[in-house]
Amino acid sequence: MPFPLPLRPLPAPRETVLSYLSRFAAMNAAEMSDFSIDLGHQIRRFLDLETAALDCLAEAAGLEPAIRDELASWTGVPAGDVRMAFRGEAFVSRALRNPVMRGCPLCLQEDAQATPGHPERLMAMRGDWLLRSVNICCRHHHPLVPLW
Ligand SMILES: [Zn+2]
């Protein structure tokens, strides 16, 4: 597979690695798990933010190292057994990893309206929505709602 791929999304502000990978896969008409394997890594390695997987994602997407690091910083990088680094701060993992994914409906609505018919181009999950202690959108002051 020649890198960078011709179809690749622009990273959105505060976007997580998995959101970006998901949009990247959708843009290339693939499921995220299949696309991960096509990039050379099981999806678990992207979920765990393994350096080799992130480097491969950056190469495939033509991302500069600073942009790759920005995506990782909004996702939370494992730092030991139960800690994560998130935006330069240390958190316990459960503060960032929640079985219920939440989001701001107004942010997602704006994303969808900006690229009608092509949500993969801009509709992104924001890293600040991962924090259990965050309950409102920092931009709209709208309560975060469960998405799935
Ligand atoms: Zn919002």
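Sequence order sets the numbering: in each chain, residues are counted from 1 along the sequence as written. Note on the predicted model: pLDDT of at least 70 is required for a residue's local features to be given, and 80 or more for side-chain atom pairs to be given and counted; whole-chain, interface and lining totals, by contrast, use all residues. In computing side-chain values, all of the structure's heavy atoms are included and hydrogens and water are not.

For the protein chain, the name recorded in an unreviewed UniProt entry is TniQ family protein, with Rhodovulum sulfidophilum as its organism.

Q: Give a description of the sheet that holds strand S2 (residues 83-86) that names residues and reports values.
A: Each strand in a sheet pairs with its neighbour through backbone hydrogen bonds, running either in the same direction (parallel) or in the opposite one (antiparallel). At least two bridges found by DSSP between two strands is the condition for calling them paired. In DSSP terms, a helix is any run of H or I states spanning at least four residues, a strand is any run of E spanning at least two, and both are numbered starting from the N terminus. Sheet architecture is open: 3 strands sit in the order S1-S2-S3, paired in antiparallel fashion. Each edge of the sheet is formed by a strand with only one pairing partner; in this case those strands are strand S1 (77-78) and strand S3 (89-92).

Q: Before we move on, could you go through the coordination of the zinc ion and cite the residues and values that matter?
A: Octahedral metal centres with six donors ideally show angles of 90 or 180 degrees, and tetrahedral centres with four donors ideally show 109.5 degrees. The zinc ion binds to the protein through Cys-104 (SG), Cys-107 (SG), Cys-137 (SG) and His-140 (ND1), with metal-donor distances spanning 2.1 to 2.3 Å. Each metal's donors are the N, O and S atoms found within 2.8 Å of it, except that Na, K and Ca use a 3.2 Å limit; water is left out, so coordination can look incomplete. Only two sets of limits are used to name each site, 85 to 135 degrees for every angle of a tetrahedral four-donor site, and over 155 degrees for opposite donors with all other angles from 65 to 115 for a square planar four-donor or octahedral six-donor site, with any other site named irregular. For the zinc ion, the 4 donor atoms in the first shell make angles of 104 to 115 degrees at the metal, a pattern classed as tetrahedral. Here the donor residues of the zinc ion share one chain and are spaced in sequence as C-x2-C-x29-C-x2-H. Burial classes: relative accessible area under 20% of the type maximum marks a residue as buried, over 50% as exposed, and values in between as partly exposed (1.4 Å probe, protein chains only). Given the relative accessible area of 0%, Cys-137 is considered buried. By relative accessible area, which is 22% here, His-140 ends up partly exposed.

Q: Any details on the UniProt feature "domain: TniQ" (unreviewed entry) in the protein chain? Residues and values, ideally.
A: Per the UniProt record, "domain: TniQ" (unreviewed entry) is annotated on residues 6-144. Between the C-alpha atoms that bound residues 6-144 the distance is 34 Å, and the span itself is 38% helix and 9% strand. UniProt positions are given in the numbering used here, feature names are shortened, and annotations may be inferred rather than shown by experiment.

Q: I'd love a proper account of the side chain of Thr-115, names of residues and values included.
A: Among the structural elements, Thr-115 can be located in the loop between helix H6 (105-114) and strand S5 (145-146). Of note is the side chain of Thr-115, whose polar atom sits 3.4 Å from the backbone oxygen of Asp-111. Contacts were defined at the residue level, with two residues in contact if any of their heavy atoms lie within 4.5 Å. The contact partners of Thr-115, leaving out residues within four places of it in the chain, are Arg-121 and Leu-122. Polar contact criterion, stated in full: a pair of N or O atoms within 3.5 Å, where within protein one must be able to donate a hydrogen and the other to accept it, and residues adjacent in sequence count only if both atoms are side-chain atoms.

Q: Summarise unusual backbone geometry; cite the residues concerned and give the values.
A: Here the amide bond leading from Phe-3 into Pro-4 is cis, since omega sits at -10 degrees, within 30 degrees of zero. Mapped onto the elements of the fold, Pro-4 is located in the segment before helix H1 (17-27). Unlike most non-glycine residues, Arg-87 shows phi in positive territory, near 55 degrees. Mapped onto the elements, Arg-87 comes out in the loop between S2 and S3. Here His-141, not a glycine, exhibits a phi torsion of approximately 60 degrees, which is positive. Structurally, His-141 is set in the loop between H6 and S5.

Q: An account of the environment of Val-134 is requested, with residue identities and associated values reported.
A: Among the secondary structure elements, Val-134 is positioned in the loop between H6 and S5. Overall, Val-134 belongs to the partly exposed group, its relative accessible area being 21%. Along the sequence, Val-134 and Asp-48 sit 86 residues apart, while their C-alpha atoms lie 22 Å from each other.

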